[in-house]
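Inside the fold
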Amino acid sequence: MHNPLHIDPQQAFGEMAEFQRKLAAGLKNLQGLGEQAYADTPREAVYREDKLTVWHMTGSNKPTARVPILIVYALVNTVWMTDLQDDRSLVRNLLAQGEDVYLIDWGYPDGADRWLTLDDYLNGYLDRCVDAICKRHGLDAINLLGICQGGTFSLCYTAMHPEKVKNLVTMVTPVDFRTPDNMLSHWVQSMDIDLFVDTLGNVPAELMNWVYLMLKPLRLNQQKYVSLVDILDNPSELKNFLRMERWIFDSPDQAGEAFREFIKEFFQQNKLIKGDLQIGKQPVDLGMVTQPVLNIYATQDHLVPPDASRALQKHVGTTDYTEVAFKGGHIGIYVSGRAQREVAPAIHQWLRDRGN
Amino acid sequence: MPDQANEFLKDYQAFAQQSWDAWMRYLQQQGQPAPFAPFGMGAPAAPQNDLLARSLSSLKAYGSWLQQAAGAGLGQMPMGNWQQPTAMQSFLTAFNQPFAQTVAGIDSASAFGLDHQWQSWLQAMQQNAGTFTMPSQMATFGITREVQLDQQALTAAMQQYAQINARYQGLLQKVNTQGIARLQEMLSQQAETGTQVQSLKALYDLWVDAMEEAYAAMAMSDEYREVFGALANAQMHVRKLQQEQTEHMCRELGIPTRSEVDSLGKRLQEIRRQLKSQNKGGSAVDASLVDTLQAEIASLRRELAASKATKVHSIERKASDNGKTASPSRRAKATRSATGKRK
């Protein structure tokens, strides 16, 4: 049999020396770099309540869209993934297309938010954010763009308040939480969530981060940093790397009660597609979502498997359903070069086709 | 040549040591680690979660492996022995227990690991073995009976946690073995297609692929799900008992407890919800009042219009009685006015 290993010893010594050289030199480069800023697209706070802020994002040109779009992000991590850096910003790309963009920054929950439920988040906070934007524009309904868990929230909200949503866009959104390839879901099935929340109260961000890293432990905790050595001498790439690290680890704690409900009702019992979900006292029936729906999923998503998102088509009530498969992963859908070219134009065109 | 290689390695080691020392010094400036690991699967931790803190152990493991691989006479091994699991394991020994190490290297300050706690506890128990009865097996009595019971429950919970953690570590160990087997399969496939791994970094990347595949298969198994869940539950159980003991102590000292704060927070949130709901209800009442008033206004307008129409009719009749006819334009104006008001 042919020997698949052919590593020249001389070359191996060279690799070893090069690695150490880069490492030693790279430390100097790292020392000069502080906290990396996000894109920080100009914005104005238009609504605040408790810890959340609704930001109106402003581009260099006046929006051409008639109906504004509200980005509803997940409670895990922060919404700034959508506005990460100048040349990797979903927000900027949407603004450049002429969209009028708002986003919700949920803030960082603390002990005072321990008892916030999904009802408080959706029928309370989110509903009041939508009302504030509707009032600002003199409209009865706006467009929603829900991302990940925020997409699930947007679906629930639309089902409960259909009159306030004109068009719905969901991105990397879990709908069927029990697909066989969903590792997160698999892990939580045997967990006693009541004991978990009763003990922890709010769920610490560090613990959430740890769980995400454990999905691919060697790749995310070792290989990534080994590969970092190769960019230590490239200030631009190093800054991008550090910015992404900031976003990954700068994440909020999870309000205990909302977390309890989300894990039990969605992940463990998969009630969203079973049709027996209730938020507060309101039933959530995806059949009530009759607005046009654009569902964008990532083909290599290790957090929300494509099937978990694609399930929406079977359960949603609309006859105007569009699905877009993005070649990339859960994060690449915002920050990759392909994403900059494809995602915002696809959303804009879809909205435009619906008279936006 | 071997002398040259040894000389190089010696210089390299000195250089590497200087480099690690510099990184360590920098790391220490960023903040010292504190003990932690979620679900008790780790040892030291850095609360600031600095990039260097997370990356250093990975880089060091990789650097050690490069050194070992190059220094161990790469030309001989495992070039010819890659099909033997022990040879591959030995070749990758710098990454010994990679998952356990990686898990231990994931730092956090907020989810307290129990490793350091139960290990010291276990050591104390082992040291006293033979002369000491496990607290959980002792009869309880006297004024401290309740405290003894609490302590027994905590001891039992920690024992259970230790057992489940051992099972979890066992699964990670299995992944190591299965990962090496997967790497050999991948190398076999390369051998069949005639492709070759030509650098240590390429071999490392292939090893990561193999290990991740093995890990993913394990992580999606029923056994892993059960052990992962049990481990999380066991840790929460221990922490809950610890919290209860702490609260007991706080109550005795007159210090507010977390349960009390939680209870206040819960009541406050309920009141906020009621308030918001009442405000919303209040708006609904206002809206219905407005509707009623609007209906009344409309009704009054209709009455007014009808009354005006009657007046016009009576004027027309009067004019007719006097042998005069109202002009068409005047009649139309009167009718339009009444209709418009009705609208």
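A quick note: this is a predicted structure, and the numbers were derived from the prediction, not measured.

Another point: the confidence of the model for chain B. Residue and element names in this part refer to chain B. Confidence along chain B averages 75 in pLDDT terms, with 64% of residues attaining 70 or more. Counting contacts from residues 106–112, a segment whose pLDDT is below 50, to residues more than four positions away or on other chains yields 33 contacts. Segment residues 324–343: pLDDT under 50, and 15 contacts once partners within four positions in sequence are set aside and those in other chains are kept. Among the prediction metrics, the complex's ipTM stands at 0.94, with pTM recorded as 0.84.

Geometry of a packed helix pair, given as the angle between the helix axes and the separation of the axes. Residues and elements named next belong to chain A. Look at helix α3 (residues 118–137) against helix α4 (residues 149–160): their axes get within 10 Å of each other, and the N-to-C directions meet at 80°. Overall, the two elements α3 and α4 adopt an arrangement that is roughly perpendicular. Across from Y121, L122, N123 and L126 in α3, the residues of α4 making contact are F153, C156, Y157 and M160. Taken together, the residues of the contact of α3 with α4 break down into 7 nonpolar, 1 polar and no charged.

It is worth spelling out helix α8 (residues 222–253) of chain B at this point. Over its 32 residues, α8 of chain B runs 46 Å from end to end, which matches the ideal 46 Å to within 8%, given 1.5 Å per residue. Of the positions making up α8 of chain B, those classed as buried are Y224, F228, A230, L231, A232, N233, A234, Q235, M236, H237 and V238 of chain B. Considering only its buried residues, α8 of chain B is in contact with α5 (183–188) and α6 (193–200) of chain A together with α6 (145–193) and α7 (200–219) of chain B.

Attention now goes to the interface of chain B and chain A. The interface is formed by 73 residues belonging to chain B together with 57 residues belonging to chain A. Looking at the side of chain B that touches chain A, the elements that each hand over two or more residues are α1 (2–30), α2 (51–71), α4 (98–105), α6, α7, α8 and α9 (258–321) of chain B. By residue number, the principal contributor to the side of chain B that touches chain A is α2 of chain B, which donates 12 residues. Looking at the side of chain B that touches chain A, its residues break down into 40 nonpolar, 22 polar and 11 charged.

This part is about the nonpolar core. Core analysis: the largest hydrophobic core is formed by 155 residues, its most contacted members being L70, I71, V72 and L103 of chain A. In contact with I71 of chain A, other than residues within four places in its own chain, are V79, T82, V101, Y102, L103, I104, L145 and I147 of chain A.

Residues and elements named next belong to chain A. Taken across its 6 residues, strand β9 (residues 293–298) has 6 buried, putting it largely inside the fold. Alternating positions in β9 separate into two faces, V293, N295 and Y297 on one and L294, I296 and A298 on the other, with burial throughout. Examined bridge by bridge, strand β6 (residues 165–171) and β9 share 4 bridges and lie parallel to one another. In the strand pairing of β9, L168 is matched with V293. The pairing of β9 with strand β10 (residues 321–326) spans 6 bridges and is classified as parallel. Residue I296 lies in a different strand from β10, and its bridge partner there is V324.

All right, on to the environment of S309 of chain A then. Residue and element names in this part refer to chain A. As for its placement among the helices and strands, S309 is situated in helix α12 (residues 306–310). Distance from S309 to L168, taken between C-alpha atoms, is 14 Å for residues 141 residues apart in sequence. When near neighbours in sequence (up to four residues on either side) are disregarded, S309 contacts V172, T173, P174, V175, N295, Y297 and V304.

Calculation criteria
- Along each chain, the written sequence defines residue order, and numbers are assigned to residues from 1.
- Chain letters and ligand numbers both follow the written order, the letters beginning at A and the numbers at 1.
- For a predicted model such as this one, the threshold for reporting local features is a pLDDT of at least 70, and the threshold for listing and counting side-chain atom pairs is 80 or more; totals across whole chains, interfaces and linings nevertheless cover every residue.
- Per-residue confidence from the predictor is given as pLDDT, running between 0 and 100.
- It is the C-beta atoms, placed from the backbone, that decide contacts: two residues are in contact if theirs lie within 7 Å.
- Angular values range over 0 to 180 degrees, each being the angle between N-to-C directions of two axes fitted as lines to C-alpha atoms, with helices fitted over their stretch in contact.
- The way it works is that DSSP assigns letters per residue, a run of H or I at least four long becomes a helix, a run of E at least two long becomes a strand, and they are numbered from the N terminus.
- Roughly parallel covers angles under 35 degrees, roughly antiparallel covers those over 145, roughly perpendicular covers 65 to 115, and oblique covers all other angles.
- Three classes are used: nonpolar for Ala, Val, Leu, Ile, Met, Phe, Trp, Tyr, Cys and Pro, charged for Asp, Glu, Lys and Arg, and polar for all others, with Gly counted as polar.
- A helix is expected to span 1.5 Å multiplied by its residue count minus one.
- Buried, partly exposed and exposed are defined by the number of other C-beta atoms within 10 Å of a residue's own C-beta, namely 20 or more, between the two limits, and 12 or fewer respectively, with C-beta atoms placed from the backbone.
- Think of a nonpolar core as buried Ala, Val, Leu, Ile, Met, Phe, Trp, Tyr and Cys residues chained together by C-beta atoms that fall within 7 Å.
- Note: two strands are recorded as paired if DSSP finds a minimum of 2 bridges between them.

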